[in-house]
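What follows is each chain in one-letter form.
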Amino acid sequence: MKGKKVLLLLLFAPFITYGQTVTVSSQSHKVKGEPAFGYVTSLDAPKDEVQSSLQKYLKTFGRVKNQDDVLVVNEPTINGQLYKTPIVAYAKGGTAQATAWIGLQATSKNKDSVEQAAKPLEFLVKTFAVNFYRDKIQAQIDEAQRAVEAVEKQQQRTLSEQKTLNQKVVNNTNEFVQLTKALQSNRADSVLLQQKLVFNKKAQDSLVLVLDIVKKAVEFQKEKQRKVN
């Protein structure tokens, strides 16, 4: 079962995020009652995952503060340029799809200049979305690679086990041959011992007769000796 899961992962993982196209559009919002100009992109991912990735991305521009799920970077540095206007960003959505929005906070007094200054954010949003998908694909690649390594280790263990089993079969065969030879030798020894037992029994019977004759001869000689006077 584990092997089948690994195979399915290897077969279908490359297609999970295959063919993603990133689109970015301008979108203005009011953040805490003030206008904000920025850009938004839609991502095929849960809102929490997008929010976490967005916060990590914004750290490359400065210190990030989370204010009621609105991410704020005061005095951000973008492409080497220091901005006095804060970056604001957030993610919205559900468990399957979410949007990521990044903009510049403005006030009623400077909204025209901030709207113009926000235009470079389009590239930042696109870069974020592209990196987001690439990171997800890389995670799938890493997982698939770990699966490959696990299968290779299992394959190596199987090959090693096969060698051990083959050697045991050879040893078992040799032992069987030796035991067969020993059994044949044992049977031959058994026949020879049976023959020796028969010869020994005959020898014992003969010796009994001889012993009886010798004893009688001794008694005869003793009797003759007694009669001498």
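Definitions and limits used
- Residues numbered from 1 in each chain as written.
- Predicted model: local features only at pLDDT ≥ 70, side-chain atom pairs only at ≥ 80, totals over all residues.
- Heavy atoms only, no water.
- Core = buried A, V, L, I, M, F, W, Y, C linked by side-chain atoms within 4.5 Å.
- Buried < 20%, exposed > 50% of the residue type's maximum accessible area, 1.4 Å probe, protein only.
- Helix = DSSP H or I, 4+ residues; strand = E, 2+ residues; numbered from the N terminus.
- Contact = heavy atoms within 4.5 Å.
- Salt bridge = Lys/Arg side-chain N within 4 Å of Asp/Glu carboxyl O.
- Pairing = 2+ DSSP bridges.
- pLDDT = per-residue confidence, 0-100.
- Expected span 1.5 Å × (residues − 1).
- Patch = residues over 30% accessible without salt bridge, like charges linked within 9 Å, V, L, I, M, F, W, Y side chains within 5 Å.
- Areas by Shrake-Rupley, 256 points an atom, 1.4 Å probe, with all protein chains shown as cover.
- Axes fitted to C-alpha atoms, helices over the stretch in contact; angles between N-to-C directions.

## Concerning the nonpolar core
Where a protein is soluble and globular, its nonpolar side chains tend to be buried together.
And then number 1: Ranked by size, the top nonpolar core spans 32 residues in total, and within it L43, V50, L58, I87, I102, L121 and F128 carry the most contacts.
And then number 2: Mapped onto this core, the elements with two or more residues apiece are strand 2 (34-43), helix 2 (47-58), strand 4 (70-73), strand 7 (87-93), strand 8 (98-105) and helix 4 (121-226).
And then number 3: Ranked by the residues each element gives to this core, the list is headed by helix 4, at seven residues.
And then number 4: Setting aside its immediate chain neighbours within four residues, L58 contacts V64, L71, V73, I87, A89 and I102.
And then number 5: In this structure, V31, A36, Y90 and W101 belong to the second largest nonpolar core, which totals eight residues.

## Let's talk about the pattern of salt bridges
Pairing is possible between side chains of opposite charge, provided their charged atoms come close.
And then number 1: Taken as a whole, this structure holds four salt bridges when the rule is applied.
And then number 2: Here K216 and D212 are joined by a salt bridge, their closest N and O atoms 3.5 Å apart. Placement of the pair is K216 and D212 together in helix 4, with a separation of four residues, close to one helical turn.
And then number 3: When its relative accessible area of 38% is taken as the criterion, D212 is described as partly exposed.

## Brief notes about the pairing of strand 2
And then number 1: Of all the 10 residues making up strand 2, eight are buried; the element is thus mostly covered by neighbouring parts of the structure.
And then number 2: Bridge analysis of strand 1 (residues 24-31) against strand 2 gives eight bridges, and the strand direction is antiparallel. Following the sheet pairing, H29 is matched in strand 2 by A36.
And then number 3: Connecting the antiparallel pair strand 1 and strand 2 is a turn made up of two residues, with K32 showing a positive phi of about 55 degrees.
And then number 4: Relative to strand 8, strand 2 runs antiparallel, the two sharing eight bridges. Its bridge partner lying in strand 8, A36 is registered against Q105.

## Let's talk about the confidence of the model for the chain
And then number 1: On average, residues of the chain score 85 in pLDDT, and 90% of them reach the 70 mark or higher.
And then number 2: Taken element by element, the predicted model of the chain shows its lowest mean pLDDT in helix 1 (residues 2-12) (50) and its highest in helix 2 (95).
And then number 3: In this model residues 12-17 is a low-confidence stretch, pLDDT under 50, and it forms seven contacts with partners more than four residues away in sequence or in other chains.

## Some details on the side chain of K47
And then number 1: In this structure, K47 sits in helix 2.
And then number 2: When neighbours within four sequence positions are excluded, K47 is seen to be in contact with D69, A91, K92, G93, G94 and A98.

## What about helix 2?
And then number 1: Compared with an ideal rise of 1.5 Å per residue, which puts 12 residues at 16 Å, helix 2 spans 16 Å between its outermost C-alpha atoms and is within 8% of the ideal.
And then number 2: Within helix 2 the residues assigned to the buried category are K47, V50, Q51, S53, L54, Y57 and L58.
And then number 3: In the core, the buried residues of helix 2 are packed alongside strand 2, strand 3 (64-67), strand 4, strand 7, strand 8 and helix 4.

## Description of a nonpolar patch on the surface
And then number 1: Judged by side-chain polarity, V210, V214 and V218 come together as a nonpolar surface patch covering roughly 220 Å² of accessible area.
And then number 2: Tracing the chain through its elements places V214 in helix 4.

## Let's talk about unusual backbone geometry
And then number 1: Positive phi is not limited to glycine here, since D69 has a value of about 70 degrees.
And then number 2: Residue class for D69 comes out partly exposed when judged on its relative accessible area of 42%.
And then number 3: In the Ramachandran plot, E75 falls in the positive-phi region, its phi being about 50 degrees despite a non-glycine side chain.
And then number 4: Considering the arrangement of structural elements, one finds E75 in the loop between strand 4 and strand 5 (77-78).

## Quick word on the sheet that holds strand 3
And then number 1: What the six strands build is an open sheet, ordered 1-2-8-7-4-3; its pairing is antiparallel. Looking at which strands have only one partner, the edges of the open sheet turn out to be strand 1 and strand 3. Across the sheet, the axes of successive neighbouring strands diverge by a mean angle of 30 degrees, strand direction being ignored.
And then number 2: Of the pairings in the sheet, the one linking strand 7 to strand 8 comprises seven bridges and is antiparallel in character. When the bridges of strand 8 are listed, A89 appears paired with I102.
And then number 3: Packed on one face of the sheet, helix 2 meets strand 2, strand 3, strand 4, strand 7 and strand 8 and runs near 165 degrees to strand 7.

## Things to note about helix 4
And then number 1: Between the first and last C-alpha of helix 4 there are 149 Å, a value that for 106 residues agrees with the 158 Å anticipated at 1.5 Å per step.
And then number 2: Those residues of helix 4 not exposed but buried are L121, L124, V125, F128, A129, F132, Y133, Q140, A144 and A147.

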